[in-house]
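Below, each chain spelled out in residue letters.
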Amino acid sequence: MAVLCLVGALLLTFFMSEPSVPAASYGTVTGWGINWSVMGSWCRYVEFVLALLAALAMVLLNKHFTFLGGMTMLFVSLTLLAVPSLSVAVGGMADGMLMALVYLVLTHMLFSLFEQRDFTTRIFTLFVIIAGFSLIESAFVWMLPLFFFGVVQVRSMSIRGILAAVFGILTPYWIVLGSGLVPTDALVWPHVDSAFSGAGAALAVAGGVLAVGMAAIGVNSFTLISYRLQLRTYNGFTLLAILWAVIMIVADSGNASLYIPVLIVNVAMQLAHCLNAKPYRRRYIAVLLIMAALITVYSLV
């Protein structure tokens, strides 16, 4: 099943009729950002490489913390198929896949903090990374509260941890301002674009992904009760990330493509958990239906 999804993802990526290029990214520093349009048709391959790296990060995350009821490749294969299938509908997701990849790396760091109140250096590093990426993509600013509450959720927050987080946020800005790379007036506050009129397709895609996620979460809620605290905490953070992604998709609907991949990877993990934790005899039917839905969305756009 995983091989079938991977083959489908490769076919959709390399034979996509029209490459979808996301809008240019703008950071919290005026003039800093990523101009995705420069890549042209190559953007689809960049997007797929980022998806592959995200898939690898998902595998390593579950391998190290085993919070999805065992080892499985299902969430990886579904993610790889979902990205090229839904990318066309939302106008390209290379920027969002970059955010999803960073999110997964940060989640690995966060999970390693479980009940470790003395790991303030790791908390500092976590927030340095988020603040550093916000220089070239301002949407990363909105990820700060997600991981702040994440640190609280994994029971690692303390007074020293709060100070580490604050200094981690400030450090990249101290560096660029103190070194004279940018003047103070070049800093801009990130804005949100809640233009619902032009985001119908993206909101529909997000709604469909969320519907699958809610069904999986409903089933998983019965399984999580029997898990030990650590595994419940890890799964709880993925639910928090889903909530965060939904809020941002609605609040910043004009840039929904940034947050949809984060929603996809977390829903894929919940779905894999749902189908992996209990040995459903015909679980392959659910997977085939999702694959068929993704390919249908791609063919209709």
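The structure reproduced in this document is the subject of the present report. All values derive from a computational prediction rather than experimental measurement.

This part covers the packing of aromatic side chains. Overall, the coordinates contain 15 aromatic pairs when judged by the stated rule. Between F67 and F111, the ring centres sit 5.4 Å apart and the planes meet at 85 degrees, which makes this aromatic pair edge-to-face. Of the two residues, F67 sits in the loop between α2 (43-65) and α3 (74-90) while F111 sits in helix α4 (residues 94-111), which places them 44 residues apart along the sequence. Of the two residues, F67 and F111, neither departs from the other in class, the shared state being buried.

If you look at the biggest cluster of nonpolar residues, it comprises 85 residues, and the most contacted ones within it are Y103, M143 and F147. Ignoring anything within four residues of it in the chain, the contact list for Y103 reads M143, L146, F147, F237, T238, A241, V262, V265 and N266.

Turning our attention to unusual backbone geometry. One non-glycine residue, T66, lies in positive phi territory at about 40 degrees. Considering the arrangement of structural elements, one finds T66 in the loop between α2 and α3. Residue E115 is not a glycine yet carries a positive backbone phi of 55 degrees.

So, on to the packing of helix α5 (residues 120-134) against helix α7 (residues 159-178). Axis separation between α5 and α7 bottoms out at 7 Å; the angle between their running directions is 30 degrees. In terms of orientation, α5 and α7 fall into the roughly parallel class. Here the hand of the crossing between α5 and α7 comes out right-handed. For the pair α5 and α7, the contacting residues are T120, I123, F124, F127, V128, A131, G132 and S134 in the first and R160, G161, A164, A165, F167, G168, I169, T171, P172 and Y173 in the second. Partitioned by chemical class, the residues of the contact of α5 with α7 number eleven nonpolar, six polar and one charged.

Within the secondary structure, S257 is located in helix α10 (residues 256-277). With relative accessibility at 13%, the residue S257 sits in the buried group.

Reading the values: rules and limits
- Residues numbered from 1 in each chain as written.
- Predicted model: local features only at pLDDT ≥ 70, side-chain atom pairs only at ≥ 80, totals over all residues.
- Heavy atoms only, no water.
- Phe/Tyr/Trp six-rings, centres within 6.5 Å; stacked < 30°, edge-to-face > 60°.
- Helix = DSSP H or I, 4+ residues; strand = E, 2+ residues; numbered from the N terminus.
- Buried < 20%, exposed > 50% of the residue type's maximum accessible area, 1.4 Å probe, protein only.
- Core = buried A, V, L, I, M, F, W, Y, C linked by side-chain atoms within 4.5 Å.
- Contact = heavy atoms within 4.5 Å.
- Axes fitted to C-alpha atoms, helices over the stretch in contact; angles between N-to-C directions.
- Parallel < 35°, antiparallel > 145°, perpendicular 65-115°, else oblique.
- Left-handed = near helix turned anticlockwise from the far one by under 90°.
- Nonpolar A, V, L, I, M, F, W, Y, C, P; charged D, E, K, R; others polar.

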